[in-house]
Amino acid sequence: QLKAGDSIGIVCGKGNNAGDGFALARLLLLNQYKVKILLLYPEEQFSKDALTNFRILKKLEDKAPISFNSFKDFSSLVFLESCKIIIDAILGSGFCGDLNEELSSIINRINSLNSLKVAIDIPTGLNADTGYGKAVFNADLTITLAGLKPGLLINRAVEFCGKVECENIGIDASWINSSSDIFLSSKEDFIDLFPKRKKTGNKYTSGKVLSIAGSVQYPGAADFVSF
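Here the structure is a predicted model, which means the values were calculated and not measured.

(A) Fine view of the packing of helix 1 (residues 16-30) against helix 2 (residues 48-58). With their axes 7 Å apart at the nearest point, helix 1 and helix 2 run at an angle of 25° to one another. Considering the angle they form, helix 1 stands roughly parallel to helix 2. Considering only the axes of helix 1 and helix 2, their crossing is left-handed. Of the residues in helix 2, those in contact with N16, A18, G19, F22, A23, A25, R26 and L29 of helix 1 are D49, A50, N53, F54, I56 and L57.

Have a look at this one:
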């Protein structure tokens, strides 16, 4: 739990995910938190949205408890060691492939710090479609934007995403649903398929279950589904 004087660190890349980080920093300042911004790239490489939000934030430098540091080498990461929370605003859901050697090393070193870690949209290094990545920001909480991405729920995502929360940013849910053919199942999708069980029902009156599982090589699968 944060207390007076605690710092929140935000590690920013150069694209729109960094812009989200700069915008978040303003909200944190409004709520009386100290904020440390680690810039991995120079200002001239920022995307348009990131640059706009960065310039707004810089105007608060003399009026609010915010400090900036530009990454020069790995000793720059000492800047984050005192932060109770470190927020990942490096790369968003548009990333695919593998991180370069420098970014991989940065991510691995941040992962080793004893801080609560939060990812904006998706942990840096994780593929939003496949859920794979070699070097990935190890988040305790991922706040994804607009809609869930498949890569947050499958394959290695469980290792890196922590608790996943989806937040609305003004995009209509009907557009999100119409733009994807992948859906997340919930118990409400299946509840009507099962008949209501009578209070006096028993295993002979409530139907039968057939399990087809296992093989000669993997008999444990059949044991797992046995009742």
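(B) Broad picture of the packing of aromatic side chains. Enumeration according to the criterion identifies 5 aromatic pairs in this entry. The interplanar angle of 45° and the centroid separation of 5.7 Å between the aromatic rings of F22 and F46 together place this pair among those described as tilted. Of this pair, F22 sits in helix 1 while F46 sits in the loop between strand 2 (34-39) and helix 2, placing them 24 residues apart in sequence. In this pair, the class of F22 matches that of F46, namely buried. Ring geometry for F46 against F54: centres 5.2 Å apart, planes inclined by 80°, an arrangement best described as edge-to-face.

(C) Quick peek at the sheet that holds strand 2. Across the sheet, 7 strands lie side by side as 3-2-1-4-5-6-7; this open sheet has parallel pairing. Pairing within the sheet leaves two strands with one partner each, and these edge strands are strand 3 (66-70) and strand 7 (163-167). Ignoring which end each strand starts from, the neighbouring axes of this sheet average 20° apart. Taken together, the 3 bridges between strand 5 (residues 116-120) and strand 6 (residues 141-145) define a ladder with parallel strand orientation. When the sheet's bridge partners are listed, A119 is paired in strand 6 with T142. Packing of helix 1 onto the sheet brings it into contact with strand 1 (7-12), strand 2, strand 3, strand 4 (83-89), strand 5 and strand 6, and relative to strand 1 it is tilted by some 160°. Those strands touched by helix 2 are strand 2 and strand 3, and its axis lies near 130° from that of strand 3.

(D) Representation of the environment of S67. Position of S67 among the secondary structure elements: in strand 3. With a relative accessible area of 26%, S67 lands in the partly exposed category. Once the C-alpha coordinates of S67 and G13 are considered, the two residues, 54 residues apart in sequence, prove to be 16 Å apart. Not counting the four nearest positions on each side in its chain, S67 is found in contact with V35, K36, I37 and F79.

Rules used throughout
- Residues numbered from 1 in each chain as written.
- Predicted model: local features only at pLDDT ≥ 70, side-chain atom pairs only at ≥ 80, totals over all residues.
- Heavy atoms only, no water.
- Axes fitted to C-alpha atoms, helices over the stretch in contact; angles between N-to-C directions.
- Helix = DSSP H or I, 4+ residues; strand = E, 2+ residues; numbered from the N terminus.
- Parallel < 35°, antiparallel > 145°, perpendicular 65-115°, else oblique.
- Left-handed = near helix turned anticlockwise from the far one by under 90°.
- Contact = heavy atoms within 4.5 Å.
- Phe/Tyr/Trp six-rings, centres within 6.5 Å; stacked < 30°, edge-to-face > 60°.
- Buried < 20%, exposed > 50% of the residue type's maximum accessible area, 1.4 Å probe, protein only.
- Pairing = 2+ DSSP bridges.

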